[in-house]
Amino acid sequence: MTSNNNVRLVRNVRVKGIASAVPQEVKEVSSLYDTFGVESIDKIIASTGVERRHVVSSECSSDLCLAAAERLITDMSINKDSIDTLIFVSQTHDYTLPATACVLQERLGLSMHVAAFDVAMGCSGYVYGLWTAASLLSGGGSKRALLLVGDTISRIASPVDRSVAALFGDAGTATILDFEEGAPDMHFILGTDGRGAPNLVVPSGGFRDRDGTSTSTNEEGVRGPYDLYMNGAEIFAFTLARVPALVNALHDVNLGSAKAIDKYVFHQANRFMLDHLVKRMKLDREKVVLDVKNVGNTSCASIPLAITLDQRDNDATVSGRFMLAGFGVGYSWAGCIAEFDNVWVSPLTVTLSAAGEAMS
């Protein structure tokens, strides 16, 4: 096995179950014909592979994650008191404070002995969340973790910004991980290059610029300071520079195993980007999951959502050696190799378009 010092080894942890939820409302990309023109939108559909997205009306990421968690807990007959760690990964939190994980603890009816906290990550967030949860479990500080990962990027994407209006959908996911002595090792590689932060950003709304005075990404009639800005060319260049090296490093790790990679599940950015990566890395296309047609780019939720969608016509459990990789906003990237052994995958949950209750 590789001696790469950047590889982070986690032992005695197993992924037990995955569930995903999307909002009921569906928006067809073709509905943007009047805004951008038929020719322009047809080119976007052909390039991105996105034909429609599930989008929220007033719901939050936590509402979607709650639905996924409740489905998973029910389907797996999980005793809620057995969950001792709750991690919420999102860029679209309910509040500046408190942590959304604290609110979800109460909404889910979990024990007050649970450790609950937020992680603010985007496209690489699912793998970062897995690493965080698995590290806590491996270290003996936790026995069962509930990882909730979701975003509602449609709420920060300007509907008249050609670069984002047709791309992003909303989703929430839930994953159960357990401490299990002797479980196959999990290997992670994570990285960060903050120089890329300005290329995918919402410049205002945080404490750096709460009042929306930033003009760094403003474009009159297209986006304001509270809207998502994406420099697609720079994001694509970053992806080509970092992801093949990440995948190759994970392949080096896998040389220590006699098992081949059974499935590659990358962040579902768009079809053009993933097809380009597959060709560049000479991967077996049949092993690479690509499912953006009906859901779009769902940010940090895209990897578990892709696993859910990939299982829709198959058995309720999935097994095999999986390579997962997320990359994007930050810049941030993260990959792992994990052995799935009869991991429960719940059918996709479609939530009613009604927001959860705010704190009283």
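Before reading on, note that the structure itself is shown above.
Conventions and cut-offs
Residues numbered from 1 in each chain as written. Predicted model: local features only at pLDDT ≥ 70, side-chain atom pairs only at ≥ 80, totals over all residues. Heavy atoms only, no water. Disulfide = S-S within 2.5 Å. Buried < 20%, exposed > 50% of the residue type's maximum accessible area, 1.4 Å probe, protein only. 1 Å grid on protein atoms, 1.4 Å probe; cavity = no way out; pocket = protein on both sides within 12 Å on 5 of 7 lines; lining within 4 Å. Points joined across faces, edges and corners; volume = space filled by probe spheres on them. Helix = DSSP H or I, 4+ residues; strand = E, 2+ residues; numbered from the N terminus. Nonpolar A, V, L, I, M, F, W, Y, C, P; charged D, E, K, R; others polar.

A. Molecular detail of the state of the cysteines. As enumerated under the stated definition, the model contains zero disulfides in all. Looking at C60, it has no disulfide partner, and the nearest cysteine sulfur is the one in C65, 11 Å off. C60 sits in the partly exposed class, given a relative accessible area of 21%. Free of any disulfide, C102 has its nearest neighbouring cysteine sulfur in C65, separated by 15 Å. Note on C102: relative accessible area 40%, which makes it partly exposed.

B. Summary view of empty space enclosed by the protein. Summed over all chains, the structure comprises two cavities of 30 Å³ or more. If you add up the space inside the largest cavity, you get close to 40 Å³. Lining the largest cavity are V13, R14, V15, P184, D185, M186, A338, E339 and F340. Only β2 (13–23) and β14 (332–345) provide two or more residues apiece to the lining of the largest cavity. As a volume, the second largest cavity reaches approximately 30 Å³. Around the second largest cavity, the lining residues are K263, V289, I307, D310, Q311, V318 and F322. Residue composition of the lining of the second largest cavity, by class: four nonpolar, one polar and two charged.

C. Just the layout of surface pockets, in detail. By volume, the largest pocket is sized at about 960 Å³. Grouping the amino acids of the lining of the largest pocket by side-chain chemistry returns 17 nonpolar, 13 polar and four charged. Quantified by volume, the second largest pocket comes out at close to 480 Å³. Around the second largest pocket, the lining is made up of 26 residues, and of these T48, S163, L167, M230 and N270 lie nearest the centre. Listing elements by their share of the lining of the second largest pocket, those giving two or more residues are α2 (38–48), α6 (232–254), α7 (271–281) and β13 (317–328).

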